[in-house]
Amino acid sequence: MSNKGVDIGYVEEKDSWLLHPRFFPSKVGGKPSWLNLSNVLSPTELTCKHCTDVMMFLCQIYAPFEEQDDTFHRTLFVFICKNGSCCRLNNSDNIKVFRCQLPRKNEFYSFQPYEENKEEVVLIKMVFPMDKWTKLCHVCGLKAPSHCSNCKNVYYCCRKHQILHWQKGHKESCTNVSEIDDHYFTITESGKDLLFKEWELIVDEEDEEDVKDVDTNEEMEKLRKLIQEQKAGTMNDVNDSELEEYSRNIPEDKVFNKFNKRIARHPDQVLRYDKGGTPLWITGNSNVLIDVPNCQYCNEERQYEFQIMPQLLNFINVGIELNSIDWGVLAIYTCKQSCNKGPAYKEEIVIKQDLTT
């Protein structure tokens, strides 16, 4: 991440082996590439407040704080409930974000960077065996307290995922599981429908082009076209007539006007990173209360760190049905000191703002 200006993130396809934890990836979808490997999150820590289902991994951002020794490696993990009915207006109860950090010298990773050598792919299980530290759910990658009672070689975070895996293939392969795919090496067929599509998250500096004279109507038409082509945020709860209404009323919603002009520089951006800055809110017509509590571990202030953009919805195969998950922007606030108190994965704050009329 750059030390000045705003960084933007966009997605690219990449071989799964390059998104292994030892390469400290920023990524979207698939299974989480955990940082601390022995104290990963359990299903009880990721239970949706509305439906009690286990939340699924959405994305992670590798964002070290160079000024502190204990944050040499630092990653933020975002999870969301996939049930659309739990996705409520300007409410983030179906979303959680966690911070994890490690010093450069730690029990999991080499002091020196790992080489991205494709010839080592077949050796990953021997060189970096994930089950050395903890057992992970074969379906979603969370901590797995139970296993298949028959083969005792496949682990699960919950009964629901065990049943899903049994129905989608494990029933036939249960007695022949000597070659089970590594959780981070391959997205298994049994979990593919449940997981979000996996991408690498590329982060670079935002273009500083002056866009204050951009024609608003022209940019709204571009945004509408991108939405139709599924190349920008779907904003699922906004139909064509509502979009037209926003187009006509932009002078009255200066916040949306600013949002539209800013993202016009990079219409495919899925993330904005600006530690200590201010979120790029999507609308001024919102009753979201920005009351961010202090860190529950050290009682220091939290600060804005990054936001997830609506464009990400087009890249994770959530569909456009009425009951699909949706958001305007997700703004993440983290401990300003990035404290090292509390558990290995420390919960932070996410504020969800939706596009409303």
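Residues numbered from 1 in each chain as written. Predicted model: local features only at pLDDT ≥ 70, side-chain atom pairs only at ≥ 80, totals over all residues. Heavy atoms only, no water.

**Some remarks on the sheet that holds strand β13 (residues 349–353)**
Convention followed: Two strands make a pair as long as DSSP finds a minimum of two bridges between them. Elements are defined by DSSP. Helices are runs of H or I of four residues or more, strands are runs of E of two residues or more, and each kind is numbered from the N terminus.
Spatially, β12-β5-β4-β3-β2-β8-β1-β9-β10-β11-β13 is the arrangement adopted by the 11 strands of the open sheet, whose pairing is antiparallel. The open sheet has two edge strands with one neighbour each: β12 (346–347) and β13. Alignment of strand β1 (residues 7–12) against strand β8 (residues 199–205), held across 6 bridges, turns out to be antiparallel. Paired with Val11 across the strands is Leu201, a residue of β8.

**Details of a negative patch on the surface**
To be explicit about the condition: A patch consists of residues whose relative accessible area exceeds 30% and which take part in no salt bridge; residues with like charges are grouped when within 9 Å of each other, and nonpolar side chains (Val, Leu, Ile, Met, Phe, Trp, Tyr) when within 5 Å. Only the protein chains shown count as cover for residues, and the accessible areas themselves come from Shrake-Rupley with a 1.4 Å probe. Each salt bridge in this description consists of a side-chain nitrogen of Lys or Arg and a carboxyl oxygen of Asp or Glu lying within 4 Å of one another. Charge counting treats Lys and Arg as positive and Asp and Glu as negative, with His and both chain ends excluded. For the purpose of locating charges, the reference atoms are NZ of Lys, CZ of Arg, CG of Asp and CD of Glu. Burial status follows relative accessibility: with a 1.4 Å probe on protein chains alone, a residue under 20% of its type maximum counts as buried, one over 50% as exposed, and anything between as partly exposed.
Residues Asp204, Glu205, Asp207 and Glu208 make up a contiguous surface patch of negative charge. Of note, Glu208 is situated in the loop between β8 and α4 (216–228). A residue is classified by how much of its surface remains accessible, and Glu208, at 70% relative accessible area, is exposed.

**A look at the environment of Ile202**
Under the convention used in this document: Contact criterion: two residues are considered in contact whenever any of their non-hydrogen atoms come within 4.5 Å of each other.
You can see Ile202 is positioned in strand β8. In the structure, Ile202 is positioned 191 residues away from Val11 in sequence and 5.9 Å away in space, judged by C-alpha atoms. Not counting residues up to four positions away in its chain, the partners in contact with Ile202 are Ile8, Gly9, Tyr10 and Glu12.

**Here we look at the packing of aromatic side chains**
Filter applied, for reference: For this analysis, a ring pair means two rings from Phe, Tyr or Trp (six-membered ring only for Trp) whose centres lie within 6.5 Å, classed as stacked if their planes differ by under 30 degrees, edge-to-face if by over 60, and tilted for the remaining angles. In this scheme, Lys NZ or Arg CZ marks a charge over a ring once it lies within 6 Å of the ring centre and within 35 degrees of the ring normal.
In the structure shown here, the tally under the stated rule is 14 aromatic pairs. For the pair Phe79 and Phe98, a centre-to-centre distance of 6.4 Å together with 75° between the ring planes defines the contact as edge-to-face. Taken together, the residues span a long stretch of sequence, with Phe79 in strand β4 (residues 73–80) and Phe98 in strand β5 (residues 95–102) at a distance of 19 residues. Owing to a relative accessible area of 0%, Phe79 belongs among the buried residues under this scheme. Three or more aromatic residues joined by ring pairs form one cluster here, namely Trp34, Phe57, Phe77, Phe79, Phe98 and Tyr345. Just above the ring of Trp199 sits the side chain of Lys197; from NZ or CZ to the centre is 4.9 Å. The side chain of Lys275 reaches across the aromatic face of Phe65, ending 3.9 Å from its centre.

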